[in-house]
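# A closer look at the structure
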Amino acid sequence: MEHTGSERGYLHEQFRLFHTIEQRELKVDWHFHTFDKLLFFRSGHAQYTVESENIALSPGDILTIAHGQLHRMQSFADAPYERYILYLNSAFLASLAPEAGGLGQCFSRARTTGQSLLRLPDSDRAAVFHLLSRMEKAQQEGSPFAPALCQALLTELLILICR
């Protein structure tokens, strides 16, 4: 079955972090991005479809959605839907750790294998949450060092996921 979708979202910087909590039903139709997207699911009742892969999310799940991949999501109002979302410039990811093939490997792997879902061990899930929380806090503080700290935390996060 072939799906079509429209382009959604935009990214003018190297990366952008969102943290959202909603308790209402959401249904987002088929769409794609010109950037890579990483979603860390904290809680709720939600499902994603990435290309032909249907995924019922569990707390701590990570989705890696490569630029251009069609996807859609639905959340349900029976529990607060909490997630962290990272929009990532693929050229920027390629420039990080180029000697290892860049830090966009998890996105290219998702595209080639058709498997966007990562279910990490509990200790790694806790580390991912800790890094995202620290990035969010650094952004909110507005220190002149925040961009460098966020990039360092992002690099650590992507290395953890790429391993």
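Note: the structure precedes this text.
In this report, the structure presented in the accompanying data block is examined. (Residues numbered from 1 in each chain as written. Predicted model: local features only at pLDDT ≥ 70, side-chain atom pairs only at ≥ 80, totals over all residues. Heavy atoms only, no water.)

## A look at the overall build of the protein chain
Scanning the protein chain for helices and strands turns up four helices and 10 strands. The order of helices and strands in the protein chain, counted from the N terminus, is β-β-β-β-β-β-β-β-β-α-α-β-α-α. Scaling as 2.2 N^0.38, a compact globule of 163 residues should have a C-alpha radius of gyration of about 15 Å, and the protein chain matches this with 15 Å. Along the first, second and third principal axes, the C-alpha set of the protein chain runs to 45 × 30 × 30 Å. (Helix = DSSP H or I, 4+ residues; strand = E, 2+ residues; numbered from the N terminus. Rg over C-alpha atoms; globule rule 2.2 N^0.38 Å.)

## Observations concerning helix α3 (residues 122-141)
The end-to-end C-alpha distance of α3, which contains 20 residues, comes to 29 Å, matching closely the 28 Å that a straight helix rising 1.5 Å per residue would cover. Against β2 (15-22), β4 (36-43), β7 (62-65), β9 (81-88) and α4 (146-162) lie the buried residues of α3. Two residues or fewer after α3 comes Gly142, characterised by a positive phi angle close to 70 degrees. (Expected span 1.5 Å × (residues − 1). Contact = heavy atoms within 4.5 Å.)

## Here we look at the pattern of salt bridges
Inspection of every chain in the model, using the stated rule, returns five salt bridges. Notably, a salt bridge pairs Glu13 with Arg16, separated by 2.7 Å at the nearest N-O pair. By relative accessible area, which is 15% here, Arg16 ends up buried. For Glu22, the salt bridge goes to Arg83, with nearest N and O atoms at 3.2 Å. Taken together, the positions of Glu22 in strand β2 and Arg83 in strand β9 put the pair 61 residues apart, joining distant regions of the chain. Linked through salt bridges whose partners overlap, the residues forming this network are Glu22, Arg24 and Arg83. (Salt bridge = Lys/Arg side-chain N within 4 Å of Asp/Glu carboxyl O. Buried < 20%, exposed > 50% of the residue type's maximum accessible area, 1.4 Å probe, protein only.)

## Topic: the packing of α3 against α4
It is the contact of α3 with α4, at a shortest axis distance of 9 Å, that shows an interaxial angle of 165 degrees. Taken together, the axes of α3 and α4 are roughly antiparallel relative to one another. Considering how the two elements wind past one another, α3 and α4 form a crossing that is left-handed. Note on element contacts: α4 touches α3 through Ala146, Leu149, Cys150, Leu153, Leu154, Glu156, Leu157 and Leu160, opposite Asp124, Ala127, Val128, Leu131, Leu132, Arg134, Met135, Ala138 and Gln139. Considered class by class, the residues forming the contact of α3 with α4 number 13 nonpolar, one polar and three charged. (Axes fitted to C-alpha atoms, helices over the stretch in contact; angles between N-to-C directions. Parallel < 35°, antiparallel > 145°, perpendicular 65-115°, else oblique. Left-handed = near helix turned anticlockwise from the far one by under 90°. Nonpolar A, V, L, I, M, F, W, Y, C, P; charged D, E, K, R; others polar.)

## Quick notes on the side chain of His31
Assignment of secondary structure puts His31 in strand β3 (residues 26-32). Among the polar contacts made by the side chain of His31, one reaches the main-chain carbonyl oxygen of Asp29 at a distance of 2.9 Å. Discounting chain neighbours no more than four positions away, the residues touching His31 are Gly5, Ser6, Arg8, Lys37, Gln69, Leu70 and His71. (Polar contact = N/O pair within 3.5 Å; in protein donor to acceptor, adjacent residues only side chain to side chain.)

## Some details on unusual backbone geometry
The phi torsion at Glu51 lies on the positive side, around 55 degrees, for a residue other than glycine. Secondary-structure assignment places Glu51 in the loop between β5 (46-50) and β6 (53-56). Even without being glycine, Ala97 reaches a positive phi, approximately 55 degrees. Since its relative accessible area comes to 23%, Ala97 is described here as partly exposed.

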